[in-house]
There are 2 protein chains.
Amino acid sequence: VLSQAVRNPIDAGADPIDVKAILAQMLQMGDEGHNRNRAGSALTLRELAPSLVVVDAPLSDVSDVLRFIGGNEHFFLNLGMPTAKLALDAARDVPGSTMLTVMARNGTDFGIQTAGTGDRWFTGPANTPEGLFLGDYGPEDANPDIGDSAITETYGVGGFSMAAAPAIVRFVGGSVPDALATTERMYQLTLAENPAMAIPIMGFRGAPTGIDVLKVARTGWLPQINTGMAGRVAGTGQVGAGLVQPPQECFEQALVALAEAARV
Amino acid sequence: VLSQAVRNPIDAGADPIDVKAILAQMLQMGDEGHNRNRAGSALTLRELAPSLVVVDAPLSDVSDVLRFIGGNEHFFLNLGMPTAKLALDAARDVPGSTMLTVMARNGTDFGIQTAGTGDRWFTGPANTPEGLFLGDYGPEDANPDIGDSAITETYGVGGFSMAAAPAIVRFVGGSVPDALATTERMYQLTLAENPAMAIPIMGFRGAPTGIDVLKVARTGWLPQINTGMAGRVAGTGQVGAGLVQPPQECFEQALVALAEAARV
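Given the structure is predicted, the values throughout are model-derived calculations rather than measurements.

### A short note on the overall build of chain A
Scanning chain A from terminus to terminus reveals 10 helices and 9 strands. Rg of the C-alpha trace for chain A: 19 Å, near the compact-globule value of 18 Å for 264 residues, within the 12% margin. Expressed as a percentage of its 264 residues, the buried residues of chain A come to 54%. Restricting the contact set of chain A to residue pairs at least 6 apart, pairs at least 24 apart contribute 61%. Entry remark: accessible area of chain A is about 10900 Å², with carbon and sulfur atoms responsible for 54%. The positive charge centre, built from 17 side chains, and the negative charge centre, built from 28, are 5 Å apart in chain A.

### Some details on the sheet that holds strand β2 (residues 109-114) of chain B
All names here are of chain B. With antiparallel pairing, 4 strands are arranged side by side in an open sheet as β3-β2-β1-β5. Looking at strand neighbours, the two that pair on one side only are β3 (122-125) and β5 (146-147), the edges of this open sheet. Here β2 runs beside β3; their pairing, made up of 4 bridges, is antiparallel. Bridged to Asp109 within β3 is Pro125. Strand contacts of helix α10 (residues 248-263): β1 (100-106), β2 and β3, with the helix running at about 160° to β3, the strand carrying the most contacts.

### With respect to the interface of chain A and chain B
Of the residues lining the interface, 32 residues belong to chain A; the matching set on chain B comes to 32 residues. Summed over both partners, the interface of chain A with chain B comes to about 2800 Å²; 72% of that surface belongs to carbon and sulfur atoms. Among the residues chain A hides against chain B, the three largest losses belong to Met29, Arg46 and Phe204 of chain A. Together they make up 21% of the total. Remark: the boundary between chain A and chain B carries 2 salt bridges. We note a salt bridge from Arg46 of chain B to Glu73 of chain A, for which the minimum N-O separation is 2.9 Å. Linking chain A to chain B there are 8 residue pairs in polar contact (both at pLDDT 80 or more). Every element with two or more residues in the side of chain A that touches chain B is listed here: α3 (38-52), α4 (59-70), α7 (169-172) and α8 (176-186) of chain A. No other element matches the 8 residues that α3 of chain A contributes to the side of chain A that touches chain B.

### What about the packing of helix α1 (residues 2-11) of chain A against α3 of chain A?
Residues and elements named next belong to chain A. One can describe the packing of α1 onto α3 by two numbers: an axis separation of 9 Å at closest approach and a directional angle of 85°. Comparing the axis directions of α1 and α3 gives the class roughly perpendicular. Contacts between α1 and α3 involve Leu2, Ala5, Val6 and Pro9 from the first element and Leu48, Ser51 and Leu52 from the second. Partitioned by chemical class, the residues of the contact of α1 with α3 number 6 nonpolar, 1 polar and no charged.

### Quick notes on the pattern of salt bridges
Using the criterion set out here, one finds 20 salt bridges over all chains in the structure. Put simply, Arg105 of chain A and Asp145 of chain A hold a salt bridge, and the shortest N to O gap is 2.8 Å. Of the two residues, Arg105 of chain A sits in strand β1 (residues 100-106) while Asp145 of chain A sits in the loop between β4 (130-133) and β5 (146-147), which places them 40 residues apart along the sequence. It is possible to trace a salt-bridge network through shared partners that takes in Arg38 and Glu73 of chain A together with Arg46 and Glu47 of chain B.

### Topic: the relation of the copies chain A and chain B
Copies of the same chain, two in number, are related to each other by a rotation about an axis and a translation along it. The operation relating chain A to chain B is a screw motion whose rotation component is 180°, with 0.0 Å of axial translation and a residual RMSD of 0.0 Å. These values place the two chain copies in the arrangement generated by a two-fold rotation axis. Considering only C-alpha atoms, the part of chain A nearest the rotation axis is Met29 of chain A, at 2.1 Å. When the interface residues of chain A are mapped onto chain B, 100% of them again fall at the interface, so both copies present the same face.

### Some words on the confidence of the model for chain A
Mean pLDDT over chain A stands at 96; residues scoring 70 or higher make up 100%. ipTM for the predicted complex: 0.91, alongside a pTM of 0.93.

### Details of the sheet that holds β1 of chain A
All names here are of chain A. Taken together, the 4 strands give an open sheet; going across it, the order is β3-β2-β1-β5, and neighbouring strands pair in antiparallel fashion. Of all strands in the sheet, those with a lone pairing partner are β3 (122-125) and β5, marking the two edges. As defined by bridge partners, β1 adjoins β5 across 2 bridges and the pair is classed as antiparallel. Considered in β5, the bridge of Asn106 is made with Ile146.

### A closer look at the packing of aromatic side chains
All told, the structure shown has 0 aromatic pairs over all chains when counted by the stated rule. Directly above the aromatic system of Tyr187 of chain A lies the positively charged group of Arg205 of chain A, at a separation of 3.6 Å from the ring centroid.

### Examining helix α5 (residues 77-89) of chain A
Count 3.6 residues to each turn of an α-helix, and residues three or four apart come out pointing the same way. All names here are of chain A. Between its first and last C-alpha, α5 extends 18 Å over 13 residues, near the 18 Å set by a 1.5 Å rise per residue. All of the buried residues in α5 are Leu77, Gly80, Met81, Thr83, Ala84 and Leu88. Around the axis of α5, the buried residues are gathered within 160° of arc, so they sit on the same side. Facing away from the buried side of α5, by more than 90 degrees, are the exposed residues Asn78 and Leu86. Looking at the packing, one finds that the buried side of α5 touches α2 (19-26), β1 and α6 (151-155).

Rules used throughout
- Residues numbered from 1 in each chain as written.
- Chains lettered and ligands numbered in written order.
- Predicted model: local features only at pLDDT ≥ 70, side-chain atom pairs only at ≥ 80, totals over all residues.
- Heavy atoms only, no water.
- Helix = DSSP H or I, 4+ residues; strand = E, 2+ residues; numbered from the N terminus.
- Rg over C-alpha atoms; globule rule 2.2 N^0.38 Å.
- Buried < 20%, exposed > 50% of the residue type's maximum accessible area, 1.4 Å probe, protein only.
- Contact = heavy atoms within 4.5 Å.
- Areas by Shrake-Rupley, 256 points an atom, 1.4 Å probe, with all protein chains shown as cover.
- Lys, Arg positive; Asp, Glu negative; His and termini not counted.
- Charge placed at Lys NZ, Arg CZ, Asp CG, Glu CD.
- Pairing = 2+ DSSP bridges.
- Axes fitted to C-alpha atoms, helices over the stretch in contact; angles between N-to-C directions.
- Buried area = accessible area lost by both parts, 1.4 Å probe.
- Salt bridge = Lys/Arg side-chain N within 4 Å of Asp/Glu carboxyl O.
- Polar contact = N/O pair within 3.5 Å; in protein donor to acceptor, adjacent residues only side chain to side chain.
- Parallel < 35°, antiparallel > 145°, perpendicular 65-115°, else oblique.
- Nonpolar A, V, L, I, M, F, W, Y, C, P; charged D, E, K, R; others polar.
- Least-squares fit on C-alpha atoms with pLDDT ≥ 70 in both.
- pLDDT = per-residue confidence, 0-100.
- Phe/Tyr/Trp six-rings, centres within 6.5 Å; stacked < 30°, edge-to-face > 60°.
- Lys NZ or Arg CZ within 6 Å of the ring centre and 35° of its normal.
- Expected span 1.5 Å × (residues − 1).
- Arc of directions from axis to C-beta.

As structure tokens, this is what we get:
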């Protein structure tokens, strides 16, 4: 049903859904695009609904699809992550560039790649997030940092744009001033402010975008990720959400490799 | 189509749409519920969509209805205003109460009523809003303050909750610090903070609610309304949006009447 709703309007000559425009609107609607996607999901449903109702499928199925999308406030994350991934892949393979193109974690290791060092990974042991837990889960149930979703922070949203989403502190922990201070601090680690991603409470400054290995080394600060916490026992699913940082050594290794590449 | 979509689920035993819950969510999603209703409109569409698609109507009509709702970011205002009106009517006729139950304007006069003085109006000449204009319109095209929508401010949203909606300054004028300062100032004019309407950026303080004639008199400050501007020539429609305040004399008259009522 979803496939038809996306493709039929395009086949009929309409523009595809503009995911970057939804991301830009989300940042003005209390989402940061990693752990808060409520506005983005509602806007996506708003865009899809008129096409959904005219697909070739039983109406009860269409109604179920609308209820499913409406009932999952992280629906947009499935669009936001690949948007970030595609944008960052476009920044790959720029000789000498110290900008990060990936941050990812597999539950034991945290890895980064830079635009100047191709597909080489620089890794260190994954930290365990600190935050708030669902139901009766506690810190002992949380696995070290895991998943691909830190691509959102690599793109400048998520933890980097927490100032846009002060309500998220009730989900990942911390205070509202912490959220504002985090975005302020991330400007010190990044190469640019994305003019397409304005954060109203920061006086409409763009999201802090393009993590720079050099700036991380110079400031001694680390990128701030807000993330879901997976259970330590396989099959448990999500046990909470919190805040986590990459291990410093990823950046130290990347800096050495970039310096070596510059000498060649 | 809309009528069926609202009534059919209730007839089938489902709960009606919880408009107050949507208002509470909006304030965490960059809306203030008077001139910014983008999140509220999308959330309302999200709630209605599954029921809309199974009404007894041609699917092309249903698709048009979804497109119409999705294309009007003020759709929710049609629900938010009566919500505020009903809540404030519940506060009527409390002897001795200095709380406002209405602020309304008809394009020439601005009027208020209080809980302690029944349906008696206290009026003064309507001011003209200052703000931003649509297209080629300018200040000379704007009519003095007009309409029922200041019921939203009387309820604690709109101008009173501008801190929740910093992006609105691009629509009504002013700066982000002004928006924060306005809500901060409105706490000085109101009797309570509505715990159901938390404003994240204010550290989750509730919306400043229940305008008190005494507090207006003591502080010398006036309620802040943000509003659409109607054209001075009948039939023009909206020419802009801006900020406006009631005339001081409404409050002076109300204070005298409340004092007289207390003497009886």
